[in-house]
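Chain by chain, the residues run as shown.
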Protein chains: 2
Amino acid sequence: MTRKPASVRRQDLVEAGLRVIAREGMHGATVRAIVAEAGVPLATFHYIFASRDEMIGAAYAYISEVPGTGAALPEDASVEDVVRASFLRWFERFLEHPEYELAIMEIMAYCSRTPSLAHLPGKVQEHYLEALGELLDHVREQLGITAPAMPTREVATLVLHATDGLTYAWLRTRDSEASRRWIEAVVPMLAAALGDER
Amino acid sequence: MTRKPASVRRQDLVEAGLRVIAREGMHGATVRAIVAEAGVPLATFHYIFASRDEMIGAAYAYISEVPGTGAALPEDASVEDVVRASFLRWFERFLEHPEYELAIMEIMAYCSRTPSLAHLPGKVQEHYLEALGELLDHVREQLGITAPAMPTREVATLVLHATDGLTYAWLRTRDSEASRRWIEAVVPMLAAALGDER
DNA sequence: CTCCATCTCGGACGGCTGTCCCAGACGGCA
DNA sequence: TGCCGTCTGGGACAGCCGTCCGAGATGGAG
């Protein structure tokens with residue numbers, strides 16, 4: 001086995017762990033399955049992590065560091081057009097790897113059940129809201145919105161709840177067409193909150 | 001042990017299973033933990049269920065049979081008032097046992113990972129939408145709404161996504177005040193969809 | 001009362017789990 | 001070159017897992 005510093009091994013294992021959880025679920029993500037995915041011997045795992053829980057926590061924290069969807073806006077777009085395009089782009093990316101969103105949901109549930117990890121979901125949410133807020137501010141600037149109907153933070157909350165609701169519902173039904181219809185209905189509401197007052 | 005017909009034992013075990021999942025999570029809901037909760041010997045479990053998975057499926061199906069929140073409307077209420085009151089009542093009930101919603105989320109994830117149970121989440125969602133639709137029609141009738149802005153089914157979808165989003169987000173943050181603020185922002189949108197056109 | 005379907009229940013099975021120990025191999029620095 | 005901190009990796013541990021067996025208790029039907 002090629003010799004690697006612990007920090008690199010750590011990231012390898014975290015990424016392998018996420019792949020296994022996405023493929024097999026939290027139930028099948030045993031230490032042995034993860035080291036097999038990473039191609040390292042079993043004992044390496046506990047050389048890097050004190051426990052399996054620590055690794056799960058590291059994986060959950062790792063997730064929220066992945067960057068959001070950067071946006072490239074068309075020239076003469078309305079607020080509604082921009083919101084629709086952004087939301088749909090997020091959704092299409094979601095559809096490429098829905099099992100990852102299921103994995104994130106499972107990890108969240110596991111963390112909130114585990115005392116030593118219970119603080120993480122709140123931090124992840126905070127990270128989401130911050131990243132979303134920056135994105136929204138950027139969009140508002142580009143669209144020349146000067147008298148917003150709602151503070152950025154509140155709009156970010158609105159959007160996050162929307163993606164959360166869509167994620168949960170889609171994972172139950174796997175009905176992408178229904179999801180797109182729902183997006184179509186929600187976009188005007190989000191656009192109204194993002195745009196200028198009245 | 002008092003002698004009971006299999007059908008009653010079955011329900012006992014399902015309810016005990018739900019209690020254990022709500023308390024310990026799917027991870028801790030072992031067959032042994034469930035029979036201990038129900039107060040029956042281990043072998044009884046496999047006398048009733050062919051496998052643990054079968055019991056999980058039965059538990060998930062059992063959930064969607066629990067009735068929704070019946071509503072008692074005030075006399076001269078606006079559409080918005082009714083929507084707000086209904087949503088807040090649902091939320092207060094949610095807050096009484098949030099660990100049950102977490103349990104349902106975990107069961108949903110587990111089912112959608114397990115081939116023999118993968119069809120259940122879709123059925124549960126269908127059941128939700130149907131029950132919600134009936135409730136909404138009832139509300140519309142009482143409020144004298146004759147030219148709805150949106151078909152019932154679509155409004156039900158809107159509401160379900162809203163509760164899903166709130167559930168997911170609250171479970172991360174456990175911030176009830178933020179949730180109430182979000183409800184306040186969403187209620188007008190839902191009311192507009194529920195009420196008469198324009 | 002007798003019979004038999006139904007239900008109870010202690011115990012055991014192999015397999016898998018997270019964690020740990022310890023000997024050994026590597027490779028940068030003195 | 002020799003040393004020593006860093007990393008590798010085989011193997012083992014106790015414990016828990018889902019599932020199964022088979023003998024015994026029960027109680028309503030005939």
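Residues numbered from 1 in each chain as written. Chains lettered and ligands numbered in written order. Predicted model: local features only at pLDDT ≥ 70, side-chain atom pairs only at ≥ 80, totals over all residues. Heavy atoms only, no water.

Draft legend 1. A look at the overall build of chain A. The number of helices and strands found in chain A is nine helices and zero strands. If you list the helices and strands of chain A from N to C, you get α-α-α-α-α-α-α-α-α. Residues classed as buried in chain A amount to 48% of the 198 residues present. Of the contacts formed within chain A by residues at least 6 apart in sequence, a portion of 70% connects residues at least 24 apart. Accessible area of chain A: about 9,700 Å², with a carbon and sulfur share of 53%. Considering chain A, the positive charge centre built from 20 side chains and the negative charge centre built from 28 side chains are found 9 Å apart. (Helix = DSSP H or I, 4+ residues; strand = E, 2+ residues; numbered from the N terminus. Buried < 20%, exposed > 50% of the residue type's maximum accessible area, 1.4 Å probe, protein only. Contact = heavy atoms within 4.5 Å. Areas by Shrake-Rupley, 256 points an atom, 1.4 Å probe, with all protein chains shown as cover. Lys, Arg positive; Asp, Glu negative; His and termini not counted. Charge placed at Lys NZ, Arg CZ, Asp CG, Glu CD.)

Draft legend 2. Representation of the protein's contact with DNA strand D in the model. In the region of DNA strand D, 20 residues are neighbours, and M1, R3 and R9 of chain A together with T30 and R32 of chain B sit closest. Restricting the count to atoms of DNA strand D within 4 Å of the protein gives a sugar and phosphate share of 52%. R3 of chain B places a side-chain nitrogen or oxygen 2.8 Å from a base oxygen of DNA strand D. Between V31 of chain B and DNA strand D, the recorded distance is 3.1 Å, taken from a backbone N or O atom to a phosphate oxygen. Tallied by class, the residues present in the surface near DNA strand D amount to ten nonpolar, four polar and six charged. (Near = heavy atom within 4 Å. Polar contact = N/O pair within 3.5 Å; in protein donor to acceptor, adjacent residues only side chain to side chain. Nonpolar A, V, L, I, M, F, W, Y, C, P; charged D, E, K, R; others polar.)

Draft legend 3. Main features of the interface of chain A and chain B. Contact residues are listed per partner, giving 42 residues for chain A and 42 residues for chain B. When the area that chain A buries against chain B is broken down by residue, the three leading residues are R113, Y168 and R172 of chain A, summing to 25%. At the boundary of chain A and chain B, one finds four salt bridges. R172 of chain A is paired through a salt bridge with D164 of chain B; the nearest N and O atoms lie 2.4 Å apart. (Buried area = accessible area lost by both parts, 1.4 Å probe. Salt bridge = Lys/Arg side-chain N within 4 Å of Asp/Glu carboxyl O.)

Draft legend 4. A look at the packing of helix α1 (residues 6-28) of chain A against helix α4 (residues 52-63) of chain A. Residue and element names in this part refer to chain A. Orientation of α1 relative to α4, taken along the N-to-C sense of each, is 90 degrees, at an axis distance of 9 Å. The pairing of α1 with α4 is recorded here as roughly perpendicular in orientation. Across the interface between the two elements, R10, Q11, L13, V14, E15, G17, L18, I21 and M26 from α1 touch R52, E54, M55, I56, A58, A59, Y62 and I63 from α4. Here the residues of the contact of α1 with α4 sort into eleven nonpolar, two polar and four charged. (Axes fitted to C-alpha atoms, helices over the stretch in contact; angles between N-to-C directions. Parallel < 35°, antiparallel > 145°, perpendicular 65-115°, else oblique.)

Draft legend 5. The protein's contact with DNA strand C, seen in detail. The environment of DNA strand C is formed by 21 residues, the closest being T30 and R32 of chain A together with M1, R3 and R9 of chain B. Sugar and phosphate atoms form 51% of the subset of DNA strand C atoms that lie within 4 Å of the protein. Separating a base nitrogen of DNA strand C from a side-chain N or O atom of R32 of chain A is a distance of 2.7 Å. For the surface near DNA strand C, the elements supplying multiple residues, two or more each, are α2 (31-38) and α3 (42-48) of chain A together with α1 (6-28) and α3 (42-48) of chain B. Taken together, the residues of the surface near DNA strand C sort by class into ten nonpolar, four polar and seven charged.

Draft legend 6. Just the packing of helix α5 (residues 79-96) of chain B against helix α9 (residues 176-194) of chain B, in detail. Residues and elements named next belong to chain B. Between α5 and α9, whose axes approach to 9 Å, the crossing angle comes to 140 degrees. With respect to the hand of their crossing, α5 and α9 are arranged in right-handed fashion. Contacts from V79, E80, V83, R84, F87, L88, F91, E92 and L95 of α5 reach α9 at S176, S179, R180, W182, I183, E184, V187, P188, L190, A191 and L194. When the residues that make up the contact of α5 with α9 are grouped by side-chain class, the tally is 13 nonpolar, two polar and five charged. (Left-handed = near helix turned anticlockwise from the far one by under 90°.)

Draft legend 7. View of the relation of the copies chain A and chain B. If you rotate chain A by 180 degrees and push it 0.0 Å along the axis, it lands on chain B with an RMSD of 0.0 Å. Expressed as a symmetry operation, the mapping of one chain copy onto the other fits a two-fold axis. Looking at the rotation axis and the C-alpha trace of chain A, the residue lying nearest is G165 of chain A, at 1.9 Å. (Least-squares fit on C-alpha atoms with pLDDT ≥ 70 in both.)

Draft legend 8. Focus on a negative patch on the surface. On the surface, E130, E134, D137 and E141 of chain A cluster together to form a negatively charged patch. Within the fold, E141 of chain A resides in helix α7 (residues 120-143). (Patch = residues over 30% accessible without salt bridge, like charges linked within 9 Å, V, L, I, M, F, W, Y side chains within 5 Å.)

Draft legend 9. Fine view of the UniProt feature "DNA-binding region" (unreviewed entry) in chain A. Following the UniProt record, one finds the feature "DNA-binding region" (unreviewed entry) at residues 30-49 of chain A. Taken end to end, residues 30-49 of chain A comprises 75% helix and 0% strand; its first and last C-alpha atoms sit 14 Å apart. (UniProt positions renumbered as here; feature names shortened; annotations may be inferred.)

Draft legend 10. Quick peek at the pattern of salt bridges. For the coordinates displayed, the defined rule picks out 26 salt bridges over all chains. Its salt-bridge partner being R153 of chain B, residue E126 of chain B comes within 2.9 Å of it at the nearest N-O pair. Within this pair, whereas E126 of chain B is found in helix α7 (residues 120-143), its partner R153 of chain B is found in helix α8 (residues 152-173), the two being separated by 27 residues in sequence. You can call R153 of chain B partly exposed: its relative accessible area is 46%. Note that R180 of chain B is salt-bridged to E177 of chain B, the shortest N-O span being 3.2 Å. Within this pair, R180 of chain B and its partner E177 of chain B are both found in helix α9, separated by three residues, close to a single helical turn. Here R180 of chain B falls in the partly exposed class, since its relative accessible area comes to 26%. If you follow the salt bridges from partner to partner, you end up with R19, R23, E24 and E37 of chain A in one network.

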